[in-house]
Amino acid sequence: MRIDRIRLRAIELRLREPFRISSGVTHQRTILLADIDLGGVTGIAECVAGEAPNYSYETIDTARIVIERHLAPALLGRTFEHPGEVGPFLDQVARGHRMAKAALEMAVWEGWARGRGVSLAEALGGKKSAVPAGVSIGIHPDTDALLERIGRFVDTGYRRIKLKISRGHDIRILEAVRARYPRVPLTVDANADYGQEDLDHLAGLDRFGLVLVEQPFPEDALLLHARLQERMETDVCLDESITSPDRCREAVELGAGRVVNIKPGRVGGHGPSLEIHDICAGAGLPVWCGGMLESGIGRAHNVALASLPNMRLPNDTSASDRYWERDVVVPPFQLDDQGMVAVPTGPGMGVEVDEDYLRAIQVDSTEISPAA
Ligand code: OSB
Ligand code: MG
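Residues numbered from 1 in each chain as written. Chains lettered and ligands numbered in written order. Predicted model: local features only at pLDDT ≥ 70, side-chain atom pairs only at ≥ 80, totals over all residues. Heavy atoms only, no water.

Let us now look at the sheet that holds strand β3 (residues 42-47). Across the sheet, 4 strands lie side by side as β3-β2-β1-β15; this open sheet has antiparallel pairing. Of all the strands in the sheet, the pair left with one neighbour each is β3 and β15 (362-368). The average angle at which neighbouring strand axes cross in this sheet is 25°, direction not considered. (Pairing = 2+ DSSP bridges. Helix = DSSP H or I, 4+ residues; strand = E, 2+ residues; numbered from the N terminus. Axes fitted to C-alpha atoms, helices over the stretch in contact; angles between N-to-C directions.)

Here the focus is the environment of Ile161. Tracing the chain through its elements places Ile161 in strand β6 (residues 161-164). On the accessibility criterion, Ile161 (0% relative accessible area) is buried. Separated by 80 residues in sequence, Ile161 and Ser241 place their C-alpha atoms 22 Å apart. (Buried < 20%, exposed > 50% of the residue type's maximum accessible area, 1.4 Å probe, protein only.)

At a minimum axis separation of 9 Å, helix α1 (residues 60-75) and helix α3 (residues 98-116) run at an interaxial angle of 50°. Judged by the angle between their axes, α1 and α3 are oblique. The two elements α1 and α3 cross, and the hand of that crossing is right-handed. In contact with Ala63, Val66, Ile67, Leu71, Ala72 and Leu75 of α1, α3 contributes Ala100, Lys101 and Leu104. When its residues are assigned to classes, the contact of α1 with α3 shows 8 nonpolar, no polar and 1 charged. (Parallel < 35°, antiparallel > 145°, perpendicular 65-115°, else oblique. Left-handed = near helix turned anticlockwise from the far one by under 90°. Contact = heavy atoms within 4.5 Å. Nonpolar A, V, L, I, M, F, W, Y, C, P; charged D, E, K, R; others polar.)

With that out of the way, let us pick up the domain arrangement of the protein chain. The extent of an interface is frequently quoted as the accessible surface area lost upon association of the parts. When the domains of the protein chain are assigned, the result is domain 1 (3-117 + 352-368) and domain 2 (122-342). The centre of domain 1, based on its C-alpha atoms, is set 23 Å off from the matching centre of domain 2. Between domain 1 and domain 2, the contact holds 35 residues from the first and 46 residues from the second. Carbon and sulfur atoms supply 64% of the area buried between domain 1 and domain 2, which totals about 3,600 Å² over both sides. Counting across the interface, domain 1 meets domain 2 through 2 salt bridges. Here Glu17 ties to Arg149 by a salt bridge, and the two come within 2.5 Å at their closest N and O atoms. The element contributing the most residues to the side of domain 1 that touches domain 2 is α3, with 10 residues. For the side of domain 1 that touches domain 2, the per-class residue count stands at 21 nonpolar, 2 polar and 12 charged. (Domains from an automatic or database assignment. Buried area = accessible area lost by both parts, 1.4 Å probe. Salt bridge = Lys/Arg side-chain N within 4 Å of Asp/Glu carboxyl O.)

This brings us to helix α5 (residues 143-156). For α5, which comprises 14 residues, the first-to-last C-alpha distance of 20 Å matches the rise-based estimate of 20 Å (1.5 Å per residue) to within 8%. Against the buried residues of α5 lie β1 (5-21), β5 (135-137), β6, α6 (171-180) and α13 (320-323). (Expected span 1.5 Å × (residues − 1).)

Another point: the coordination of the magnesium ion (ligand 2). Within the first shell, the magnesium ion (ligand 2) binds the protein through Asp189 (OD), Glu214 (OE) and Asp239 (OD), at distances of 2.0 to 2.2 Å. Binding-site remark: the magnesium ion (ligand 2) is held by donors from one chain whose sequence spacing is D-x24-E-x24-D. Here the residue Asp189 occupies a position in strand β7 (residues 186-189), and Glu214 occupies one in strand β8 (residues 212-214), the gap between them amounting to 25 residues. By the burial criterion, Asp189 is buried, and Glu214 matches it. (Donors = N, O, S within 2.8 Å, 3.2 Å for Na, K, Ca; no water.)

Okay, unusual backbone geometry next. The linkage connecting Val330 with the following residue, Pro331, adopts the cis geometry, with an omega of -10°. The topology assignment puts Pro331 in the loop between β12 (329-330) and β13 (340-342). A positive phi angle is found at Ala192, which is not glycine, with a value near 70°. By secondary structure assignment, the location of Ala192 is in the loop between β7 and α7 (199-203). In this model, Leu293 sits at a positive phi of 55°, which is unusual for a non-glycine residue.

So this is what it looks like as structure tokens:
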């Protein structure tokens, strides 16, 4: 397959409710979409970078620059036998910037699967027809509102509730949640808000019977995560820290956690995600698929990846209506009465882009042409 054409489009989608994590709040997402022509068939994916550098150093602006000036010009006109070759190729072009790379790499996977008439899930080696969904709830200033919100999501059928926590905003909330919902499968995600001085405090979260504690410390702090895991019974789960397969090997060897959250958009795409999946499987660690408040396009990619065998915990692949009034794909993702999201079986990502709606919310479209 040859990379004939790359187009970047930006769309604006308003969240149904603001989403607050320890480092900032999101009301509306501007999402960068990449579509790539592979000689007659087009693949599509989205970039998970946010508007502000609060989850990672990448933003939609840095991603756009790196794609337009470095990655796309290198890719255009190239021929690949398999989408797995794209990641290593892009790693030779630029260091880091894995969210920018992932948008292109995942679009190639999607187009490749579509062109062969197989689902993206099948192309990736997925085995499940549906995947269990959890829901991630942002920081609420009002505990009663949070309790009400949790109740509604539990009633909807979500299989696990994830609460965002931050320094000084944890114990009181967990006490209230456990008093009301003693047995709901619960996780917490600190998005790197804590530090060395919080080791004892965090180890004390054992008493809440959490399924796992996600990314308490900064991205680079593998050693600190290992120290916490040593003194904590609850599984520590890494998100931000796992930026690549190599980093994952290090984390496993250090004992920096016992669970990994894989987000293809964070690690450079599906190829590195498959590697991380297999590294963890080999080490006996379960993984699950995280989310970045994606549109239905990114969700389709995540759901396909979540169908892999070692994805053994509920995923942050909630239904479209948890995020958006109207999603950009048809049909939108839905939760069944078992708390599962069906893995699409049609070619490529298996859902159709609603091009009319997409044009209505599009704020930019740029065609990147090969260097003359
Ligand atoms: O840390 O998992 C995270 C959203 C934005 C940035 C980081 C994270 C999240 C979520 C939302 O938790 C997961 C979802 O898309 O449902
Ligand atoms: Mg997280």
